[in-house]
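# Reading the structure
In case you want the letters, here they are:
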Amino acid sequence: MKKWLLAFAFVFIALPSFALQQVGTFTWQFDLSGQPADHDAKLWIPYPVSDTHQLISNIEWSGTYTEAAVYTERTFGVPVLYVRWAKEIKNRQITLKYKVERSEQVNSELPQAEAPYNQHDFAPYLSATSLGPIDGEVKKLADEITAGKTGILEKARAVYDWTIENTYRDPETRGCGLGDVTSLLRRPGGKCADISSIYVALARAAGVPTKEVLGLRTGKEDNQDVSTWQHCWVEFYLPGYGWVPVDPADVRKAMLTQKLSLDDPKVAQLRNYYWGNVDQYRIRLSEGRDLQLNPPQQGPAINYLMYPFAQIGGGTLDWLDPEKFKYSIFWNQ
């Protein structure tokens, strides 16, 4: 069986000539044949759509499934490719493939003057999540960090600087991390979801509309295995301007891999770059926490959808265990 789907009808806006580009193709391959055949199998795959900074095209999928279609989650509009295999099907495979044209996001000058905005319109981006409280110790710390700061831009920058200076990348963290802010404030080491979650909780507690962007890094070589290259960064809303990307996690990652101290000139350059800009070697897949998927999964809300999510007869597979949940993601130039 094979399905073809046109990219969603988003307008692709021409980008400034100085924005760098990355072009290639992702191929996702799944094989759930090793799971018990006496239960049905369900798979939700993060599904990219075009926006100002990425164009998704040449989308196709094929496999042995009973049904497969694209749906969106209701709160944040997160798109997924939902795949189901009936319990009598033993060969359970699907391949998803699409072309990506991704551009660097560049915001060279952010306006100091801020327009008024209605906080009610941004309620999901000012609210707590199950692992990201914005009251108690988080609120107290956010008030300390932003003391004397006025306006969204100053507060967002203060939280950005604090996050870089007070967290660290822990390479032993499983996957991208859970983003459990209460635990992280006691031990602020983790990976991208952890560091981004700290930023989001503190910024929201300070009154800055903020969201995590959940995605996947592109490769830089042909036929590159990027199965574990998931990445999470942040955007805050600047009234009168729009959503602004920041990535404190990538600053801390570079500090670890390059063995840089906070006072190294290279770190100053990274801090300046990832304040308002992000590189072209990534695509956006989803946003939001505590997700109820569509069609709905069994059990509790999902922390985030950056990895594929699968259930066999209602039991959830560990998406970080390649022996139990077999899939691969390859990048080709």
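Everything discussed here concerns the structure shown above.
So, here is what we can say about the structure in this document. These figures come from a predicted structure and were not determined experimentally.

### Concerning the overall build of the chain
When helices and strands are counted, the chain shows 6 helices and 17 strands. The principal-axis extent of the C-alpha atoms belonging to the chain is close to 65 × 45 × 45 Å. For the chain, buried positions account for 52% of its 333 residues. For the chain, long-range pairs separated by at least 24 residues make up 72% of all intrachain contacts whose partners lie at least 6 apart in sequence. Total accessible area on the chain stands at roughly 15,000 Å², and carbon and sulfur atoms take up 51% of it. Each charge class in the chain can be summarised by its mean position, and for the 35 positive and 39 negative side chains these summaries are 3 Å apart.

### Section: the packing of helix α2 (residues 151-166) against helix α5 (residues 248-257)
One way to put it is that α2 packs onto α5 with a least axis distance of 9 Å and a crossing angle of 30°. As summarised for this structure, α2 and α5 are arranged roughly parallel, according to the angle between their axes. Seen from above, α2 lies across α5 with right-handed handedness. Facing α2, whose interface residues are Y160, T163, I164 and E165, α5 presents P248, V251 and R252. Of the residues that constitute the contact of α2 with α5, the class distribution is 4 nonpolar, 1 polar and 2 charged.

### As for the sheet that holds strand β13 (residues 242-246)
Here we have 4 strands laid out as an open sheet, ordered β13-β12-β10-β14, and antiparallel in their pairing. Bordering the open sheet on either side are β13 and β14 (283-287), each of which pairs with just one other strand. Strand-to-strand, the axes of this sheet are offset by a mean angle of 40°, without reference to chain direction. Bridge count between strand β10 (residues 210-216) and β14: 4 bridges; the pairing is antiparallel.

### Section: unusual backbone geometry
With an omega dihedral of -5°, the bond running from N294 to P295 counts as a cis peptide bond. Within the element layout of this structure, P295 appears in the loop between β14 and β15 (309-312). Residue K259 is not a glycine yet carries a positive backbone phi of 55°. By the secondary structure assignment, K259 is in the loop between α5 and α6 (265-273). With relative accessibility at 74%, the residue K259 sits in the exposed group. One non-glycine residue, D290, lies in positive phi territory at about 55°. When you line up the elements, D290 lands in the loop between β14 and β15. On the basis of relative accessibility, which here comes to 29%, the residue D290 falls in the partly exposed class.

### Re the pattern of salt bridges
All told, the structure shown has 17 salt bridges when counted by the stated rule. Connected through shared salt-bridge partners, D51, K211, E235, R284 and E287 make up one network.

### So, the pairing of strand β17 (residues 326-332)
Across 7 bridges, strand β2 (residues 21-31) lies against β17 in antiparallel orientation. If you follow F30 over to β17, its bridge partner there is Y327. Here 2 bridges tie strand β11 (residues 224-225) to β17, and the two strands are oriented antiparallel to one another. Looking at β17, one finds that D225 is bridged to F330.

### Quick look at the environment of M306
As for its position among the elements, M306 is in the loop between β14 and β15. By relative accessible area, which is 0% here, M306 ends up buried. The spatial distance from the C-alpha of M306 to the C-alpha of K139 is 27 Å, given a sequence separation of 167 residues.

Calculation notes
Residues numbered from 1 in each chain as written. Predicted model: local features only at pLDDT ≥ 70, side-chain atom pairs only at ≥ 80, totals over all residues. Heavy atoms only, no water. Helix = DSSP H or I, 4+ residues; strand = E, 2+ residues; numbered from the N terminus. Buried < 20%, exposed > 50% of the residue type's maximum accessible area, 1.4 Å probe, protein only. Contact = heavy atoms within 4.5 Å. Areas by Shrake-Rupley, 256 points an atom, 1.4 Å probe, with all protein chains shown as cover. Lys, Arg positive; Asp, Glu negative; His and termini not counted. Charge placed at Lys NZ, Arg CZ, Asp CG, Glu CD. Axes fitted to C-alpha atoms, helices over the stretch in contact; angles between N-to-C directions. Parallel < 35°, antiparallel > 145°, perpendicular 65-115°, else oblique. Left-handed = near helix turned anticlockwise from the far one by under 90°. Nonpolar A, V, L, I, M, F, W, Y, C, P; charged D, E, K, R; others polar. Pairing = 2+ DSSP bridges. Salt bridge = Lys/Arg side-chain N within 4 Å of Asp/Glu carboxyl O.

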